[in-house]
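Geometric and topological summary
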Amino acid sequence: MKRRAAITLIVLALAAPPSALATCIPITTGRDLPTTLVLSGGGAKGAYEAGAVAALAEHGLPIRLVAGSSAGALTAAMVVAGRADRLEATWRAITQDQVYAMRVPTFFAGLLPGWLTLRALRNTTSLLDPRPLRELITATVEIERIRSSSIGLVVLATDLTRRAPRVFDNQTVTVNALVAAAAVPGLFPAVDVDGALLVDGGLTGRAPVLEALEAAPVERALVVLSYSADEHGTRPTTFSRSMEEAFETAMLHQISRDVELARLKHPATDVQIITPSAPLRLRPLEFDSDAIARALALGRADAETCLRALDEEPRPQ
C-alpha cells in the first residue's frame, strides 16, 4: 500500500503543472509520519523557509531530521537545537550588516580605473567580509544542544579541492561548517575545516534531499523551496544581476533533478515540495525587514495549507 501511494504521488507530481506543487498532496497515511525537512536557503529568501518550518513544528509535525545548505543550514541547526519557536524572531531581527560587510580592499578597488579594478580583484579572496555572518551564527546556533538532540541534522557544504559534497551531522557540525555551508564562492572566502577548503553546499546539492534520505530513511520528506513556480527572473542589466540569475537558474534545475531522483531511489518515501504560493520578490542579499516579514508570513501560511492537505482523504484513483 505504501509503495503504491508513493508511485501514485510520483505520477501526480510529474503530471501536475509546477504551481500545483505549492500545496501538499494528500495520501492515505496522513500527517503523522516521521518526517524529514529539507531546506534550500537562498540568502534572505530563507525567511520563507523559516516561517514554514516554524509553523510545521508548532503544529506538531513529527520531525525526524532536518537537512539544509546555504541559509537553510542555519534554520536547520536551530530546529535541531530545539529552537524552532525562535526562528521567526531571529529572522525578523536579521539585517544586512549582520550578514556581510564590504571588504576594505574591494571598496578601494572600486575607486580605481576599470582595468586596475579587475587587476586588484583578481588577487582578492572574496568581495565580502564573512565576519558578520560568523558572529551571527555563533550567537544563534547552540552546538551542544545539537549534539544531544533526538532530531537528526544534515548540513551540506562543498569541498573545492575534491569537487565533492561534504556532509556534517549532529556530532560533526561546527560554526565553521555552518559558515562554509553559506559561503557563496566569490562573495565569501572558502572556509578551512579540518584542512579542507569548503564553500556553499548549494554547488553540489542546494536542497540536500538525497543526502537526507541516505542519512535516515523515512516515509515522508518535505522539501521547502524559497522560490515560487510563478516567479521568473528579471532581465539582467548588470554583471552582478547576470551572475545572480545564472546561479539561481542552475540551482532550481538542480533541485528539480534531485527531487525526482530521490523519488526514484526511495519509492517508499513520500517526497513533497512546499513552494511559495506567490512570488517573494526578495533578492538573496536584500535583508529588507518588511520583505522578510512578508516572506515569514507567507511561509507560515503555505505550511498550514500543506498540513490541512495532508489531513484530507486522498481522492480515489
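Below is a summary of the structure that appears in this document. Here the structure is a predicted model, which means the values were calculated and not measured.

1. Quick notes on the overall build of the chain
- A tally of helices and strands in the chain yields 13 helices and 10 strands.
- A buried classification covers 53% of the 317 residues belonging to the chain.

2. Observations concerning helix α2 (residues 46-58)
- Across its 13 residues, α2 extends 18 Å between first and last C-alpha, which sits within 8% of the 18 Å expected from 1.5 Å per residue.
- By the criterion of burial, α2 is predominantly enclosed, with 11 of the 13 residues buried.
- Every buried residue belonging to α2 is among Gly-46, Ala-47, Tyr-48, Glu-49, Ala-50, Gly-51, Ala-52, Val-53, Ala-54, Ala-55 and Leu-56, and all of these are buried.
- Tucked inside the fold, the buried residues of α2 contact β1 (35-39), α3 (71-80), α4 (87-93), β9 (220-224), β10 (270-274) and α13 (289-311).
- Of the residues one or two after α2, Gly-60 is the one with positive phi, at around 85 degrees.

3. With respect to a nonpolar patch on the surface
- Among the surface-exposed residues, Leu-160, Leu-197 and Leu-203 lie close enough to one another that they form a single nonpolar patch of about 230 Å² accessible area.
- You can see Leu-203 is positioned in helix α10 (residues 202-205).
- By relative accessible area, Leu-203 is classed as partly exposed at 38%.

4. A word on the side chain of Thr-158
- Mapped onto the elements, Thr-158 comes out in strand β5 (residues 152-159).
- Among the residues examined, Thr-158 registers a relative accessible area of 3% and is labelled buried.
- One polar contact links the side chain of Thr-158 to the main-chain carbonyl oxygen of Asp-200, over a distance of 2.9 Å.
- At 3.0 Å, the side chain of Thr-158 forms a polar contact with the side chain of Thr-204.

5. Focus on the nonpolar core
- Of all hydrophobic cores here, the largest spans 72 residues; its most connected members are Val-66, Trp-91, Ile-146 and Val-173.
- In this structure Val-66 touches Leu-37, Leu-39, Ala-76, Val-79, Val-80, Ile-151, Gly-152, Leu-153 and Val-154, once residues within four positions along its chain are discounted.
- Of all hydrophobic cores here, the second largest spans 21 residues; its members include Leu-210, Met-251, Ile-255 and Ile-273.

6. What about the environment of Pro-132?
- Relative to the helices and strands, Pro-132 is located in helix α7 (residues 131-140).
- Overall, Pro-132 belongs to the buried group, its relative accessible area being 13%.
- Put simply, Pro-132 and Asp-97 are 35 residues apart on the chain and 6.9 Å apart in space, counted from C-alpha to C-alpha.
- With near-sequence residues (within four places) excluded, Pro-132 lies in contact with Asp-97, Gln-98, Val-99, Tyr-100 and Ala-101.

7. Regarding the pattern of salt bridges
- This structure, assessed with the given rule, holds 10 salt bridges.
- Between Asp-194 and Arg-166 there is a salt bridge, with the nearest N and O atoms lying 3.3 Å from each other. Of this pair, Asp-194 sits in the loop between β7 (191-193) and β8 (196-200) while Arg-166 sits in strand β6 (residues 164-168); the two residues are 28 residues apart in sequence, bridging distant segments of the chain.
- The exposed category is assigned to Asp-194, whose relative accessible area is 71%.
- Look at Arg-166 and you get partly exposed, because its relative accessible area is 21%.
- The salt bridge partner of Asp-270 is Arg-220, with a shortest N-O separation of 3.1 Å. A residue pair is termed long-range when its members are at least 10 positions apart, and Asp-270 in strand β10 and Arg-220 in strand β9 qualify at 50 residues. With respect to class, Asp-270 is no different from Arg-220; both count as buried.
- Connected through shared salt-bridge partners, Glu-58, Glu-88, Arg-300 and Glu-304 make up one network.

Reading the values: rules and limits
- Residues numbered from 1 in each chain as written.
- Predicted model: local features only at pLDDT ≥ 70, side-chain atom pairs only at ≥ 80, totals over all residues.
- Heavy atoms only, no water.
- Helix = DSSP H or I, 4+ residues; strand = E, 2+ residues; numbered from the N terminus.
- Buried < 20%, exposed > 50% of the residue type's maximum accessible area, 1.4 Å probe, protein only.
- Expected span 1.5 Å × (residues − 1).
- Contact = heavy atoms within 4.5 Å.
- Patch = residues over 30% accessible without salt bridge, like charges linked within 9 Å, V, L, I, M, F, W, Y side chains within 5 Å.
- Areas by Shrake-Rupley, 256 points an atom, 1.4 Å probe, with all protein chains shown as cover.
- Salt bridge = Lys/Arg side-chain N within 4 Å of Asp/Glu carboxyl O.
- Polar contact = N/O pair within 3.5 Å; in protein donor to acceptor, adjacent residues only side chain to side chain.
- Core = buried A, V, L, I, M, F, W, Y, C linked by side-chain atoms within 4.5 Å.

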